[in-house]
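In case you want the letters, here they are:
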Amino acid sequence: MNIKILGITFLLLFIGTTTAFSQSHRQRAKNYFGVQFKPLIPLGMVGDKPFTIRSDNFESEISPIFGYSYGAAIRVGITELLSIETGLNYTKRNYRADYHVLDSNLRATDDVGYVSFDIPLNLLVYVKLGNQMYMNVSGGASMNFNPSNVRTHITPDKFKKDVFILEGRRYRFFDFHANAEVGFEYRTERSGAFYLGMAGRVPFGKVLRIATEYRYDTHSQVAYGDITGATFALNIKYFFPLASTSNRTHTQRGPIEF
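Residues numbered from 1 in each chain as written. Predicted model: local features only at pLDDT ≥ 70, side-chain atom pairs only at ≥ 80, totals over all residues. Heavy atoms only, no water.

Trainee: Outline the pattern of salt bridges, supporting the account with residue identities and numerical values.
Mentor: Two side chains bearing opposite charge may form a pair once their charged atoms approach each other closely. In total, this model carries 12 salt bridges according to the counting rule given. Across the pair Glu-167 and Arg-169 runs a salt bridge, and its minimum N-O distance is 2.7 Å. Residues Arg-187 and Glu-185 are paired through a salt bridge, measuring 2.9 Å at the closest nitrogen-oxygen approach. One salt-bridge network, in which partners are shared between bridges, spans Arg-75, Glu-85, Glu-181, Glu-185, Arg-187 and Lys-237. (Salt bridge = Lys/Arg side-chain N within 4 Å of Asp/Glu carboxyl O.)

Structure (structure tokens):
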């Protein structure tokens, strides 16, 4: 499903590129600087899906929950309707672990967050809908830095000897994701540009190896699984207004007076 969605998006990107070239030949390109915020929405069609791992009578369900990403966005204009977009973002993916010991009524729930930093590089195509309104389609890749592993544990109140542990270990310090995005942008000269879109990111490999553990005295059960790290997000961007250029006044020279 992820591959199909990316394929459709890149097809739209190709169509938009052709349209942009036809509309923007030899028109002046502009550069923009702005900020962006992405609420990460747990939508299984694009992002991670809930999954269950089990060891004997110990079961854990891992589900993505709302996360967020924010940072700077930089656009380098190629033509009026084509740009390269990059930046630097802080991303926190959040997951919920529901633990269950099947032969008892013992249950517990805990949350864990996984932090990464990413530098995207996308080709951005504008489709002009009006004087100030544009539709944007973009696609590309991002390089991500994963600074640390994660670990969390919880002890249910009624059973002081019972402990549930979740540990996540990154597969590598650096990994890469495919990016795809579509949205709409409204530009003003004095107030800047406002953008709202939908974005999907799919990693080229698994991101996190996880293990959940149930401990009781000297007894221990461990279940293993993988988190792919795919995300679906709304993307809210604001680009600061361009520096105003002074209007060039052309003075007409009259006849020379003596």
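Trainee: I'd like a description of the side chain of Thr-79, backed by residues and values.
Mentor: Mapping Thr-79 onto the fold places it in strand S3 (residues 58-79). Here Thr-79 falls in the buried class, since its relative accessible area comes to 13%. A polar side-chain atom of Thr-79 sits 3.1 Å from the main-chain amide nitrogen of Leu-82. (Helix = DSSP H or I, 4+ residues; strand = E, 2+ residues; numbered from the N terminus. Buried < 20%, exposed > 50% of the residue type's maximum accessible area, 1.4 Å probe, protein only. Polar contact = N/O pair within 3.5 Å; in protein donor to acceptor, adjacent residues only side chain to side chain.)

Trainee: Kindly report on the sheet that holds strand S7 (residues 150-154), identifying the contributing residues and their values.
Mentor: The 4 strands lie next to each other as S7-S8-S11-S12, forming an open sheet whose pairing is antiparallel. The open sheet has two edge strands with one neighbour each: S7 and strand S12 (219-227). Each strand axis lies, on average, 15° off the axis of its neighbour in the sheet, ignoring direction. (Pairing = 2+ DSSP bridges. Axes fitted to C-alpha atoms, helices over the stretch in contact; angles between N-to-C directions.)

Trainee: Describe the environment of Gln-221, and please don't skip the residues or the numbers.
Mentor: As for its position among the elements, Gln-221 is in strand S12. Gln-221 sits in the buried class, given a relative accessible area of 5%. A sequence separation of 167 residues divides Gln-221 from Arg-54, and the C-alpha atoms of the two residues are 9.3 Å apart. The residues contacting Gln-221, other than those within four sequence positions of it, are Ser-55, Asp-56, Asn-57, Phe-58, Thr-212, Glu-213 and Tyr-214. (Contact = heavy atoms within 4.5 Å.)

Trainee: For the nonpolar core, give the residues involved together with the corresponding values.
Mentor: Core analysis: the biggest nonpolar cluster contains 20 residues, and Ile-62, Tyr-99, Phe-164 and Leu-208 have the highest contact counts within it. Mapped by element, the contributors of at least two residues to this core are S3, strand S4 (82-101), strand S5 (107-128), strand S8 (162-170), strand S11 (208-216) and S12. With 4 residues, S4 is the single largest residue contributor to this core. What Leu-208 contacts, discounting residues up to four positions off in sequence, is Tyr-114, Val-150, Gly-168, Arg-169, Arg-170, Tyr-171, Gly-225, Asp-226 and Ile-227. (Core = buried A, V, L, I, M, F, W, Y, C linked by side-chain atoms within 4.5 Å.)

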